[in-house]
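Structural description and commentary
Listed below are the residues making up each chain.
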Amino acid sequence: MKQFRHTQQHRPKKNTLIIGHNAIIEALQSGKQLERIYLQSTLHRALSDEIRKKAEKYAVPVNKVPVEKLNGFNVNNHEGCIAVISKIQYQDLQQVISFIVDKGEAPLFLILDGITDIRNIGGIARSAFCFGVNAIIIPDKGVGALNEDAILTSAGALEKIPVCRVNSLMKAVDELHLNGIKIFASEMKATKKVFSINFTEPCAIVMGGEEHGVFPALMKISDDQFQIPMTGDFESLNVSVAAGVILYEAMKQRSLDL
């Protein structure tokens, strides 16, 4: 179900920007956390390729944009490239898995596939934090920016829950499987109901974007699929609301004393 009401997004503050080719390369090489890199669509190919290769290594999204977009940041001498410093401290997936297992807990992850609306991401993160998710996994492309607006929508939850940004969700699923973590995908046409899934075992829940759902290849390698049963004759729930329902069920199963 598409949404048509939009909230105004704020321009990043100048002290959160890295401006110019050399400064961005240095930031990437030093391991600085970047939310996104904007490259002018007409930027010289050699410069563009160098930044792209470095960005891919560190799973930083790169957007090709017209010069008007860069000028909109209201900075001088941007050289066709501007990076936004991340407010989120992204963490390595395997390190997070190992940390949770070492504590003796059964991991519970949430994978966001193709969710671009930052209000939905913020709402999902808030539910994830409240209902015991250990970490959120996002791809470096095709997901809304976890910027100041997303953090505000999440009521600060995005700064409290670990977030792992990966080059490929398919590879992330392989890594989860290698660690004995099952993948359960939310799919409104699935035959199983959400309450029939065993969320007490180590698992990751995949939530897809409202327009296209979970990517078919990702759905194919998931261990099981489920749906949320509804009494009303309606297409589907908002993805943020659906995530809240699913994660509450997971918490309920894991907390028998509630």
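Here is a short report on the structure shown in this document. (Residues numbered from 1 in each chain as written. Predicted model: local features only at pLDDT ≥ 70, side-chain atom pairs only at ≥ 80, totals over all residues. Heavy atoms only, no water.)

**Examining the side chain of Asp 224**
Of note, Asp 224 is situated in strand β10 (residues 224-226). For Asp 224, a relative accessible area of 17% puts it in the buried group. Apart from the residues within four sequence positions on either side, Asp 224 is in contact with Ile 183, Phe 184, Ala 185, Lys 192 and Ile 197. (Helix = DSSP H or I, 4+ residues; strand = E, 2+ residues; numbered from the N terminus. Buried < 20%, exposed > 50% of the residue type's maximum accessible area, 1.4 Å probe, protein only. Contact = heavy atoms within 4.5 Å.)

**Overview of the packing of aromatic side chains**
All chains considered together, the criterion is met by four aromatic pairs. Here Tyr 38 and Phe 73 contribute two aromatic rings whose centre-to-centre distance is 5.4 Å and whose plane-to-plane angle is 50°, an arrangement assigned as tilted. In this pair, Tyr 38 sits in strand β2 (residues 34-40) while Phe 73 sits in the loop between α3 (67-71) and β4 (81-85), placing the two residues 35 residues apart along the sequence. Across the pair, Phe 73 and Tyr 38 agree in class, each one buried. An angle of 80° between the planes, with centres 5.9 Å apart, marks the rings of Phe 184 and Phe 199 as edge-to-face. Taken as a pair, Phe 184 in strand β8 (residues 182-186) and Phe 199 in the loop between β8 and β9 (203-208) lie far apart in primary sequence, 15 residues in all. (Phe/Tyr/Trp six-rings, centres within 6.5 Å; stacked < 30°, edge-to-face > 60°.)

**A look at the nonpolar core**
In this structure, Leu 110, Leu 112, Phe 199, Ile 205 and Met 207 are the most contacted members of the largest nonpolar core, which totals 36 residues. Taken together, the elements giving at least two residues each to this core come down to β5 (108-113), α5 (118-130), β6 (135-139), α6 (148-153), β9 and α9 (239-254). Top contributing element to this core by residue count: α9, with six residues. The residues contacting Leu 112, other than those within four sequence positions of it, are Ile 121, Ile 124, Ile 136, Ile 137, Ile 138, Pro 139, Leu 169 and Met 207. (Core = buried A, V, L, I, M, F, W, Y, C linked by side-chain atoms within 4.5 Å.)

**Comments concerning the sheet that holds strand β1 (residues 17-19)**
Within a sheet, neighbouring strands are paired by backbone hydrogen bonds and run either parallel or antiparallel to one another. One open sheet holds the four strands; their spatial order is β1-β4-β2-β3, and the pairing between them is mixed. Since the sheet does not close on itself, it has two edges, and those belong to β1 and β3 (62-65), each with one partner. Each strand of the sheet is rotated relative to its neighbour by a mean of 20°, with strand direction disregarded. Relative to β4, β1 runs antiparallel, the two being bridged by three bridges. Bridging from a neighbouring strand, Leu 17 pairs with Val 84 of β4. Where helix α2 (residues 45-57) meets the sheet, its contacts fall on β2, β3 and β4, and the angle it forms with β2 comes to roughly 160°. (Pairing = 2+ DSSP bridges. Axes fitted to C-alpha atoms, helices over the stretch in contact; angles between N-to-C directions.)

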